[in-house]
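Structure assessment
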Amino acid sequence: MPWGEFKDTAAERRLFQRRTVVMLVFVILMLGGLLGRMYQLQVVEHEIYTTISDKNRVQVQSVPPPRGLIYDRNGELLAENRPVFSVTLVPERVDGMDETLTRLGGILGIAEQDLERFHRRLQEPRRPFQEIPLRYDLTEQEIARLAVHRHELPGVEVKAELVRYYPHSELTAHVLGYVGRINREELQRIDPVNYAGTNYIGKSGVERFYEQTLHGTVGYQHVETNARGRTLRVLERENPVPGEDLKLHLDLRLQQRAHELLDGRRGAVIAIEPKTGGILALASVPGFDTNKFVTGISVDDYRALSQSKEKPLFNRALRGQYPPGSTLKPMLAIAALDSGAVTRDHTIWDPGYFRLNEGGRLWRDWKRTGHGWVDLKDSVAESCDVYFYEAAIEMGVDTMAGYLSSFGFGEDAALDVSGALSGLLPSREWKRAMHSQPWYPGDSVNLGIGQGFMLATPLQLATATALIANRGTWVEPRLLKDVLGDDEVDDVLPAETHEPLKLKNSADWEYVVESMAEVMHGVKGTARRAGSDAPYRMAGKTGTAQVFSLAEDEEYDAEEIRERLRDHALFVGFAPVEDPKIVVSVIVENGGSGSGTAAPVARALFDAWLLEFSEGSNSDLVSRATGGAQ
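Attention here is on the structure that accompanies the text.

Comments concerning the overall build of the chain
In terms of helices and strands, the chain carries 25 helices and 20 strands. Taking all 630 residues of the chain together, 50% fall into the buried category. Taking contacts inside the chain between residues at least 6 apart in sequence as the whole, the part at least 24 apart equals 73%.

Now the structure itself:
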């Protein structure tokens, strides 16, 4: 059979055509699906994939705000920001943390304490992709060496940041405080948005109290990065709002003079401007270098500070709680007069001791032979203990505690001083709660001369003395003088809460002030030597606080034991008497005599403020007061 009879050409053509149509339809459908998918990706989901793409190329970085500066009342810079170059690591971008740290150690030389600090921060809670500093304050040579190897170290950056610096560190340590790295507890309470990119926060003092004002508002920038996460360029930026600059009432000259006058002795000085309540000086000696705490103090340096017997980290001005001794007598004199326990004409015979009852315990006067016949003014001027023993019994603890509370004892009365303690103002209720005992008459005797359970800080003594200088007008101590920015002082400074102390006879204020003036200028005044030859009249009161014993576990050599068992020397006062411009509280630990040790310090501060540092001529002050000082 011929071959052609078995081949159906027409059928084959139809089959081919059908197959061609099917394939064509299939290709068109596939092409349509592809075009549809492309349309979905390019048009419908364009924004989604653009965002995903940008995340690989563009990152949002927070820009921390520059911290506000702090000045003294004369514009002297107390706290500034200086640029520091540091090497930082972003753990999420590091390929092999241990190997990277080893290589960096070979390039830069990383100290063991820096590695320990880095590993500690690596374990702490932190924000994703947050940089962790490894070394601070790199030199130009170190930066150059690191730049050569930069391409080999993903996740490692040299970062320039503004770091807090205190040019007068030891002088201002206890008043300004310091900033430090944000720790775990602080991370839980701060605003994570506003503190994004911020590594430092106020830890104490002014830095802590005004943290919100000093910090500012965070900014943001969109940056283009390469595959290794390194920044190529900034695409968009929203600048941060810097923190507000603060001006304090503090006078750096007076602060420095206070440190010099204490001359390395352990003690504290508080100086207040009575009309405004502004703290002119807040010195606690010895001090310490706060700059060591900013980027992280070494273990050895911290151990040296914390274990020093001089206790430089202890803020004696705000947290030192001492028996006020005889410096409490002017306040008790006001209480005795206003309560009617004594009168100005009331006199007693002081034989050098006091008995509650016949044959009972003797409470000695500091002057063993006694002061003879004395009235209230004599008792303040000569610091007669026996007079105040009797007045205390007459008043009783309830009256004394009530009036002393009105002077600010037993509370932190300052507006913006961070970390101040409240001291201890004893009462019946307090003793019953703490000691499960009633209040005995002997307790009142001790309180009458500022001893026994009574404790006060130097700031509280200055505050109470300022109330006398102002003749009953309360002006609560504060450090902030002005905000050099958009905020108003009243918006930042807490509101005052104390009412004036009004006496039944307002002339009693002048009587007690004159009694304090007799301390400085009277023939028998305990601080007459410190007040001699002054071209102005001053008022004051000396005091001593007894140091009874050492702790059982403390060991000193014989010379140190003798020194550390001496009484603390205290003084409170103000000047000039007629128009007070400065109130001073001084304590010299183990200084012995208040009149011989603390009063001369206060006199030198009075002279500095009134005659040396005040603006303009002091001739009016001298001519107005010279006659009364003779």
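Observations regarding the packing of helix 14 (residues 329-339) against helix 21 (residues 507-521)
In the contact formed by helix 14 and helix 21, the axes pass within 10 Å of each other and the chain directions differ by 145 degrees. Read as a crossing pair, helix 14 and helix 21 show a hand that is right-handed. Two secondary-structure elements touch here, helix 14 through Pro330, Ala333, Ile334, Leu337 and Asp338 and helix 21 through Asp508, Trp509, Tyr511, Val512 and Met516. Residue composition of the contact of helix 14 with helix 21, by class: eight nonpolar, no polar and two charged.

A word on the nonpolar core
Ranked by internal contacts, the top residues of the largest apolar core, which has 140 residues, are Leu254, Phe407 and Phe409. Broken down by element, the residue count for this core peaks at 11 residues, all from helix 16 (residues 385-406). Beyond its immediate chain neighbours, meaning those up to four positions away, Phe407 contacts Met331, Ile334, Ala464, Leu467, Ile468, Trp474, Leu501 and Trp509. Listed in part, the 16 residues of the second largest apolar core include Leu101, Leu104, Ile132 and Leu134.

What about the sheet that holds strand 18 (residues 539-545)?
Paired through their backbone hydrogen bonds, the strands of a sheet run either parallel or antiparallel. One open sheet accounts for five strands, arranged 12-11-20-19-18; its pairing is antiparallel. Strands at the two margins of the open sheet, each flanked by one partner only, are strand 12 (278-285) and strand 18. Taken over all neighbouring pairs, the strand axes of this sheet differ in orientation by 5 degrees on average, direction set aside. Lying over the sheet, helix 10 (residues 252-262) contacts strand 11 (267-273), strand 12 and strand 20 (582-588), oriented at roughly 30 degrees with respect to strand 12. Across the sheet, helix 24 (residues 594-613) is in contact with strand 11, strand 12, strand 18, strand 19 (568-575) and strand 20; its angle to strand 19 comes to roughly 30 degrees.

A closer look at unusual backbone geometry
Cis peptide bonds are those with omega within 30 degrees of zero, and the linkage from Val285 to Pro286 qualifies with 0 degrees. Each neighbour pair has its own omega, and for Ala575 with Pro576 the value is -15 degrees, a cis peptide bond. Secondary-structure assignment places Pro576 in the loop between strand 19 and strand 20. The backbone of Ser383 shows a phi angle near 60 degrees, a positive value even though the residue is not glycine. Secondary-structure assignment places Ser383 in the loop between helix 15 (376-382) and helix 16. Residue classification places Ser383 among the buried positions, given a relative accessible area of 5%.

Considerations on the layout of surface pockets
Here the second largest pocket is characterised by a volume of approximately 850 Å³. Taken together, 36 residues line the second largest pocket, and the ones lying closest to its centre are Ser326, Asp365, Trp366, Asp385 and Thr544. Going through the elements one at a time, strand 15 (362-364), helix 16, helix 22 (528-531), strand 18 and helix 24 are the ones with two or more residues in the lining of the second largest pocket. Ranked by residues supplied to the lining of the second largest pocket, first place goes to strand 18 with four residues.

Concerning helix 10
When helix 10 is considered as a whole, its buried residues turn out to be Leu252, Leu254, Gln255, Ala258, His259 and Leu262. One side of helix 10 holds all its buried residues, which, seen down the axis, span an arc of 165 degrees. Contacts made by the buried residues of helix 10 are with strand 3 (77-89), helix 6 (169-176), strand 11, strand 12, strand 20 and helix 24. Asp263 lies just past helix 10 and shows a positive phi near 55 degrees.

Let's talk about the side chain of Thr542
With respect to the secondary-structure elements, Thr542 resides in strand 18. We classify Thr542 as buried; its relative accessible area is 6%. Beyond its immediate sequence surroundings of up to four residues, Thr542 is in contact with Ser326, Thr327, Val519, Thr526, Ala527, Leu570, Phe571, Gly594, Ser595 and Ala599.

A short note on the pattern of salt bridges
Applying the stated rule across the entire model yields 27 salt bridges. Here Asp300 and Arg303 are joined by a salt bridge, their closest N and O atoms 3.2 Å apart. Here the residue Asp300 and the residue Arg303 both occupy positions in helix 12 (residues 299-306), the gap between them amounting to three residues, near one helical turn. Residue Asp300 is classed as exposed on the basis of its relative accessible area of 55%.

Structural notes on a negative patch on the surface
Taken together, the side chains of Asp482, Asp486, Asp487, Glu488, Asp490 and Asp491 present a region of like negative charge at the surface. Here Asp487 shows up in the loop between strand 17 (480-484) and helix 20 (489-492).

Regarding a positive patch on the surface
A contiguous patch of positive charge on the surface is contributed by Arg13, Arg14, Arg18 and Arg19. When you line up the elements, Arg18 lands in helix 1 (residues 9-44).

Considering the packing of aromatic side chains
Using the criterion set out here, one finds 10 aromatic pairs in the structure. Measuring from ring centre to ring centre gives 6.3 Å for Phe407 and Trp509, while their planes differ by 65 degrees; the resulting arrangement is edge-to-face. Taken together, the positions of Phe407 in the loop between helix 16 and helix 17 (428-435) and Trp509 in helix 21 put the pair 102 residues apart, joining distant regions of the chain. Judged by relative accessible area, which is 1%, Phe407 ranks as buried. Here Arg181 stacks its cationic end above the ring of Tyr200, 5.2 Å away from the centre of that ring.

Focus on the pairing of strand 20
Counting buried positions over the seven residues of strand 20 gives seven, a clear majority of the element. The side-chain alternation of strand 20 yields two buried faces, one formed by Ile582, Val584, Val586 and Val588 and the other by Val583, Ser585 and Ile587. Pairing between strand 11 and strand 20: six bridges, direction antiparallel. If you follow Ala271 over to strand 20, its bridge partner there is Val584. In this structure, strand 19 lies alongside strand 20, joined through seven bridges in antiparallel fashion. By the bridge assignment for strand 20, Leu570 is matched with Ile587.

Some remarks on the packing of helix 19 (residues 458-469) against helix 21
Where helix 19 contacts helix 21, the axes come no closer than 9 Å and their chain directions differ by 120 degrees. In terms of their interaxial angle, helix 19 and helix 21 are classed as oblique. Mapping the contact onto sequence places Thr465, Leu467 and Ile468 in helix 19 and Trp509, Val513 and Met516 in helix 21. Here the residues of the contact of helix 19 with helix 21 sort into five nonpolar, one polar and no charged.

Rules of the game
Residues numbered from 1 in each chain as written. Predicted model: local features only at pLDDT ≥ 70, side-chain atom pairs only at ≥ 80, totals over all residues. Heavy atoms only, no water. Helix = DSSP H or I, 4+ residues; strand = E, 2+ residues; numbered from the N terminus. Buried < 20%, exposed > 50% of the residue type's maximum accessible area, 1.4 Å probe, protein only. Contact = heavy atoms within 4.5 Å. Axes fitted to C-alpha atoms, helices over the stretch in contact; angles between N-to-C directions. Left-handed = near helix turned anticlockwise from the far one by under 90°. Nonpolar A, V, L, I, M, F, W, Y, C, P; charged D, E, K, R; others polar. Core = buried A, V, L, I, M, F, W, Y, C linked by side-chain atoms within 4.5 Å. Pairing = 2+ DSSP bridges. 1 Å grid on protein atoms, 1.4 Å probe; cavity = no way out; pocket = protein on both sides within 12 Å on 5 of 7 lines; lining within 4 Å. Points joined across faces, edges and corners; volume = space filled by probe spheres on them. Arc of directions from axis to C-beta. Salt bridge = Lys/Arg side-chain N within 4 Å of Asp/Glu carboxyl O. Patch = residues over 30% accessible without salt bridge, like charges linked within 9 Å, V, L, I, M, F, W, Y side chains within 5 Å. Areas by Shrake-Rupley, 256 points an atom, 1.4 Å probe, with all protein chains shown as cover. Lys, Arg positive; Asp, Glu negative; His and termini not counted. Charge placed at Lys NZ, Arg CZ, Asp CG, Glu CD. Phe/Tyr/Trp six-rings, centres within 6.5 Å; stacked < 30°, edge-to-face > 60°. Lys NZ or Arg CZ within 6 Å of the ring centre and 35° of its normal. Parallel < 35°, antiparallel > 145°, perpendicular 65-115°, else oblique.

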